[in-house]
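Observations on the model geometry
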Amino acid sequence: MSSEPRWEAAQVAIRQGLATSALRLGVENPEAWIEVMEPTEEGHGDLTSNAAFRLTKTLKQSPATIARRLIDHWPELPMIERVEVAGPGFINFWLDTHWLADVLPQAVAEADAYGCRQSRGERVLIEFVSANPTGPLVVVNGRAAALGDSLARILQANGYAVDREFYVNDAGQQLAKLGQAMAIRLRELAGEPLPDPWPEGVYPGAYVRDLAEQYRELTPDWAEHALHPERREALGAFCAERLRRQQEQELERFGVHFDRWFSERALREAGAPERMVAELEARGVLYRQDGAVWFRSEQFGDQKDYVVVKSDGEFTYVVPDAAYHTHKFERGYDIIIDLLGPDHHGYKRRMQAMMKALGLFGERLEIQIIQLVRLLRGGQVVRMSKRGGDFVTLAELIEEVGVDPARWFFLERSADTPMDFDLDLAQMKTQDNPVYYVQYAGARIHSVLRGYRGLAAKDPENVDPAEYREPLEQALIRDVARFPAVLRRAGEQRAPQVIVRYLSEIAGHFHAFYRQHRILEEQPSVRRARIELIRAVLVVIGQGMGAIGVSVPERM
RNA sequence: GCGCCCGUAGCUCAGCGGAUAGAGCGCUUGACUACGAAUCAAGAGGUCGCAGGUUCAAGUCCUGCCGGGCGCACCA
């Protein structure tokens, strides 16, 4: 249950005020022209509008003149302290600090509901990570995990019911290769030499040997199994299940919990791919050529047609994938989000084309590509390749830099930008990591609140907003008031980094305030007001950090 | 060759068509007998890859180049 966010209320009131003025000046349908936003620069008010510029054509006057006329009969509103025309015609609004200060007790009272919105009855499905169960998770999976989980948290705070789902590719070719690798490792355990050369496409990673050892413990006639090609799939399935569980543990350790692990094998066993092909056939979007079955992808906006059933009768991977996506739609989600890895560029159009061919709504399916993560060590790019068996795992990354900094680092950058992750920097210079900057602000507030316990009885019960005189106090009040709007924007733009930026900002204001002003050593009335302020700041830091899955320790 | 993403301070990156383009790191100079110096204050540092176009207004939108990354299989 959350009350009216003051910042947004002010925005709405200003828009209405400007619309009323514009109407009086003879503008038809003024709402369409009026925009109220946060200025990029300090000194340009709390909220600003460019309405005058946009009305020059209609009113045939200079923006400065229009701006003056728009605020000519500006009504007295308790929330607005000052209105001014600035520059070539901007209208800047300063909100009344005392009016805004009401958000402080509100934030403190609402605590972990502050900034959140009531349920809107819409369901969201986010599929992310979905790494193949053929090895440990790697660094880019960590980026996907951090982004998907944070997005889920942000959307939940915005009133959506969100499910996190992991699609497990526990079928098909990769499983066979995994089984083959397993057979090789079992024979190695039996004392046979490793094949030379190593077979093409078979995972050479040493982790398969660990799995082989586990298999030996559990299976009396393990040596037999290594020799029978028809056992390969079962061996692969054994590995896949083990590796999937290992991935799940690593993700839990990273603070990411999936609501559902959706099995491709189950989908196949239920005959979904066959039904998918039949459905496409019935819609007349398939044709036969060179012994294979092709999908008319070009008709639906893709670059070229592609094969759905190979000449050997096997499905290509898009068929079960399309069946899976259809299944998502059938489950009734209002928004379906896929976060895909950087090796799925071509896949996006392909899946959208197929959904279009099936008559499913394209807008409800959002596909976001997460770009590459390059690791730097000693100033050199660390080359990673799963097939080459040479990679840095997510577990190793967490070991080196810790969960909180790793998450922060991933979320700091927008998903569609390839990023460099400098391991040396993250490891050696942890004190420079911005995540500690925000956590330190939280720890300082906790420390002050501990010190306040013995003093609280001497202070007045109620806060007098007139005590907020310092610019930094007022900046913090604005930060607290702005938070619901920030959370909302992060959700609309599907951009956790909006929260990250905000947190750095409010922490900066807090540290400056803390160095410059005393809290506990002030007069009771001032002290009471400042305690209320920092309690609210702590709530907001907690809410923001919660939205990106980073902790706020009481001591550090 | 085609498609997607990216070129902004020495480095890593922000920047919902709006005002004098920002932050962190690094560099220079200052601040603890004071609630936690993992902090704060001040300074230096830019032809926003290049060229056109749209607009009252372009780092942001459009077109073409240049540079980098990643994709373009009867692989997943």
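Cut-offs used in this document
Residues numbered from 1 in each chain as written. Chains lettered and ligands numbered in written order. Predicted model: local features only at pLDDT ≥ 70, side-chain atom pairs only at ≥ 80, totals over all residues. Heavy atoms only, no water. 1 Å grid on protein atoms, 1.4 Å probe; cavity = no way out; pocket = protein on both sides within 12 Å on 5 of 7 lines; lining within 4 Å. Points joined across faces, edges and corners; volume = space filled by probe spheres on them. Helix = DSSP H or I, 4+ residues; strand = E, 2+ residues; numbered from the N terminus. Nonpolar A, V, L, I, M, F, W, Y, C, P; charged D, E, K, R; others polar. Phe/Tyr/Trp six-rings, centres within 6.5 Å; stacked < 30°, edge-to-face > 60°. Buried < 20%, exposed > 50% of the residue type's maximum accessible area, 1.4 Å probe, protein only. Lys NZ or Arg CZ within 6 Å of the ring centre and 35° of its normal. Contact = heavy atoms within 4.5 Å. Salt bridge = Lys/Arg side-chain N within 4 Å of Asp/Glu carboxyl O. Near = heavy atom within 4 Å. Polar contact = N/O pair within 3.5 Å; in protein donor to acceptor, adjacent residues only side chain to side chain. Domains from an automatic or database assignment. Expected span 1.5 Å × (residues − 1). Core = buried A, V, L, I, M, F, W, Y, C linked by side-chain atoms within 4.5 Å. pLDDT = per-residue confidence, 0-100. Pairing = 2+ DSSP bridges.

Concerning the layout of surface pockets
Approximately 1200 Å³ is the volume attributed to the second largest pocket. What lines the second largest pocket is a set of 38 residues, and nearest its centre among them are W7, E38, P39, D46 and R482. In terms of residue count, the dominant contributor to the lining of the second largest pocket is helix α20 (residues 471–492) (12 residues). By residue class, the composition of the lining of the second largest pocket is 14 nonpolar, eight polar and 16 charged.

Observations regarding the packing of aromatic side chains
What the rule picks out here adds up to 19 aromatic pairs. Relative to F238, the ring of Y215 lies with its centre 4.9 Å away and its plane at 75°, an arrangement referred to as edge-to-face. Here F238 lies in helix α11 (residues 232–253) and Y215 lies in helix α9 (residues 207–218), a separation of 23 residues in the sequence. Pair check on accessibility: Y215 and F238 agree, each one buried. Of the aromatic side chains, those joined through ring pairs into one cluster are F128, F166, F258 and W261. Sitting over the face of the ring of W222, R216 holds its NZ or CZ atom 5.8 Å from the ring centroid. If you follow R350 out to its NZ or CZ, it ends over the ring of Y306, 4.7 Å from the centre.

Topic: the environment of R244
The topology assignment puts R244 in helix α11. Taking C-alpha positions, R244 is 29 Å from R377, a pair spaced 133 residues apart along the chain. Discounting chain neighbours no more than four positions away, the residues touching R244 are P133, V168 and W261.

What to know about the pattern of salt bridges
Using the criterion set out here, one finds 36 salt bridges in the structure. Between R283 and E279 there is a salt bridge; the shortest N-O distance is 2.7 Å. You can call R283 partly exposed: its relative accessible area is 42%. For E279, a relative accessible area of 33% corresponds to the partly exposed category. Ionic pairing is found between D479 and R482, a salt bridge with its closest N-O pair at 2.8 Å. With D479 and R482 both in helix α20 and three residues apart, this pair spans about one turn of that helix. For R482, a relative accessible area of 13% gives the class buried. Overlapping salt bridges bring together E38, D479, R482 and E505 as one network.

Thoughts on the protein's contact with RNA strand B
The immediate surroundings of RNA strand B are formed by 63 residues, with Q174, Q303, K310, R413 and Y437 found nearest. In the model, a base nitrogen of RNA strand B is placed 2.5 Å from a nitrogen or oxygen of the H517 main chain. Counting residues per element, the ones that place at least two in the surface near RNA strand B are α2 (51–54), β4 (90–95), α8 (173–189), α15 (345–357), β15 (419–422), α19 (434–452) and α21 (497–516). Across the surface near RNA strand B, the residue classes tally to 19 nonpolar, 22 polar and 22 charged.

Looking at the domain arrangement of chain A
Under the domain assignment used here, chain A contains domain 1 (6–95), domain 2 (173–240) and domain 3 (430–547). For domain 1 and domain 2, the distance between their C-alpha centroids amounts to 71 Å.

Description of the environment of L372
The topology assignment puts L372 in the loop between β12 (365–369) and β13 (373–377). Since its relative accessible area comes to 43%, L372 is described here as partly exposed. For the pair formed by L372 and D420, sequence separation is 48 residues and the distance between their alpha carbons is 8.5 Å.

Some remarks on α21
For α21, spanning 20 residues, the distance from its first C-alpha to its last is 29 Å, which sits close to the expected 28 Å at 1.5 Å a residue. Taken residue by residue, α21 has V498, I499, V500, Y502, L503, I506, A507, G508, H509, F510, H511 and F513 as its buried positions. Residues of α21 that are buried in the fold lie against α7 (139–157), α17 (403–412), α19, α20 and α22 (524–548).

Some words on the nonpolar core
Nonpolar side chains tend toward joint burial in soluble globular proteins. The biggest cluster of nonpolar side chains holds 124 residues, and the ones touching the most others in it are V129 and F421. Sort the elements by how many residues they give to this core and α22 lands first, with 13 residues. Counting only domains with at least three residues in this core, you end up with domain 1 (6–95) and domain 3 (430–547). Excluding residues within four positions of it along the chain, V129 makes contact with L137, N141, A144, A145, F166, L251 and F258. The next biggest cluster of nonpolar side chains, apart from the first, holds 36 residues, and it includes F295, A323, Y324 and L365.

A word on the confidence of the model for chain A
On average, chain A scores 90 in pLDDT, and the residues at 70 or more come to 96%. Taken together, the chains of this predicted complex give a pTM of 0.93 and an interface ipTM of 0.94.

Some thoughts on the pairing of β15
Here β15 shows a clear split, with M419 and F421 buried on one side and none of D420 and D422 buried on the other. Relative to β15, β13 is paired through four bridges, and the arrangement is parallel. Counted as the bridge partner of L375 is F421 from β15.

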